[in-house]
Amino acid sequence: MNLQIDYLRTFIALVEAKNFTKTGALVNLSQSAVSMQIKRLETEVGKKLFHRIGKTVKLTGEGNILINYAMRIIREHDEAVAALSKPNLEGIIRFGSPEHYTAGVLPDLLARFSRSYPDVTVKMRCENSDVIKDSVDKGDLDLGICTQISEGGQIIAHDPVVWVMAPGFVIQPHKPLSLAAFEEDCIFRTWAVAALEKAEIDYRIVYVTRSISGLLSAVKAGFAIAPVIQSNVPDDLKIAGIEEGLPILPVSNIALHRTKKKSSEIIDCFSEHLINSFRKKTDN
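Quick look at the structure, then.

How each quantity is defined
Residues numbered from 1 in each chain as written. Predicted model: local features only at pLDDT ≥ 70, side-chain atom pairs only at ≥ 80, totals over all residues. Heavy atoms only, no water. Helix = DSSP H or I, 4+ residues; strand = E, 2+ residues; numbered from the N terminus. Buried < 20%, exposed > 50% of the residue type's maximum accessible area, 1.4 Å probe, protein only. Polar contact = N/O pair within 3.5 Å; in protein donor to acceptor, adjacent residues only side chain to side chain. Contact = heavy atoms within 4.5 Å. Axes fitted to C-alpha atoms, helices over the stretch in contact; angles between N-to-C directions. Parallel < 35°, antiparallel > 145°, perpendicular 65-115°, else oblique. Left-handed = near helix turned anticlockwise from the far one by under 90°. Arc of directions from axis to C-beta. Salt bridge = Lys/Arg side-chain N within 4 Å of Asp/Glu carboxyl O.

1. Details of unusual backbone geometry
In the Ramachandran plot, lysine 18 falls in the positive-phi region, its phi being about 60 degrees despite a non-glycine side chain. Checked against the element boundaries, lysine 18 lands in the loop between α1 (5-17) and α2 (20-27). Residue lysine 18 is classed as partly exposed on the basis of its relative accessible area, which comes to 45%. Located in the positive-phi region is glutamate 200, a residue other than glycine, with phi close to 60 degrees. Positionally, glutamate 200 belongs in the loop between α7 (187-198) and β8 (203-209). Glutamate 200 gets classed as exposed once you look at its relative accessible area, which sits at 74%.

Shown next as structure tokens:
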């Protein structure tokens, strides 16, 4: 079996567009060429990948299996091409991020970047958004991602802040809501408290931490609920909302800040990886 990269790209585009004509526009092919590539891919795998429903398509069970592998193959292929087509990079990047974003996108991103550019060292610092932004402005950090708290920076993703709780957690209307949160200088805690007070919901903060893993552990234990970004919600926890009587929380606009004191190919390259990774994660 030989899964050609071009066919996999067309396959992914058709999954997204759900229409042969729209897919052709995405991959710069005619409708007949798209149809031919999909037929050849189906012949290669020996399985039907799409159900045709009028002018639209829907993945079969086998198609659902292939899509995850296809996206992974294309991602790894493109990263390999990018790494090999650029000159060897070496040096140090000073990078900062709030704790909130270290549990989802960043671990995989840092690992992939390290594999692609083994001679580049990423020195990472975790602080609150205002500290990260100030450090980038002063030139103490080369790059930083922050929850947008003021003007400036490049918005690279939008990630809703949601209430998360254990599946068995019961909100009792006549008792204060048990809340787990970061320390007082955390913007998500500020948003959560403001929303609860505006909705006139009595609450008590029963668990305070600076660690996202600690926060999620408290929630998993059924000790409290917590405000976290949606991309950080693990499969074994539940997103709560209006149905449980909780107010809607703001969307976290994730901003990328770059130092104005210097620029380099390393900084440009790492910025590109950040932007692509966060957009892929929050778009899913």
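Back to the write-up after that little detour.
2. So, the side chain of asparagine 232
Here asparagine 232 lies in the loop between β9 (226-229) and β10 (238-240). For asparagine 232, a relative accessible area of 8% puts it in the buried group. Engagement of the side chain of asparagine 232 in a polar contact is seen with the backbone oxygen of histidine 100, the distance being 2.5 Å. Setting aside residues no more than four positions away along its own chain, asparagine 232 makes contact with His100, Ala103, Gly104, Ile212 and Leu216.

3. What about the packing of α1 against α2?
Where α1 meets α2, the closest approach of the two axes is 9 Å, and the angle between their N-to-C directions is 130 degrees. Classified by the angle their axes make, α1 and α2 are oblique. The two elements α1 and α2 meet at a crossing, and its hand is right-handed. Along its contact with α1, which presents Arg9, Thr10, Ala13, Leu14 and Ala17, the element α2 presents Phe20, Lys22, Thr23, Leu26 and Val27.

4. A look at α2
Those residues of α2 lying buried are Phe20, Thr23 and Gly24. The arc that holds every buried residue of α2, seen down its axis, measures 105 degrees, which confines them to one face. For α2, exposure combined with an orientation more than 90 degrees from the buried face picks out Lys22, Ala25 and Leu26. Against the buried residues of α2 lie α1, α3 (31-45), β1 (50-53) and β2 (56-59). Two or three places before threonine 21, at the start of α2, stands the capping residue asparagine 19, its side-chain oxygen 2.8 Å from that residue's backbone nitrogen. Positive backbone phi, approximately 60 degrees, marks asparagine 28, located one or two places after α2.

5. What about the pattern of salt bridges?
Tallied over the entire structure, the rule returns eleven salt bridges. The salt bridge partner of glutamate 42 is arginine 52, with a shortest N-O separation of 3.4 Å. Of this pair, glutamate 42 sits in helix α3 while arginine 52 sits in strand β1, placing them ten residues apart in sequence. We classify arginine 52 as partly exposed; its relative accessible area is 37%. Here arginine 94 ties to aspartate 142 by a salt bridge, and the two come within 2.9 Å at their closest N and O atoms. With arginine 94 in strand β3 (residues 91-97) and aspartate 142 in the loop between α6 (129-138) and β5 (143-147), the pair connects residues that are 48 residues apart, well separated along the chain. On the basis of relative accessibility, which here comes to 1%, the residue aspartate 142 falls in the buried class.

Geometric values such as these leave the question of function open.
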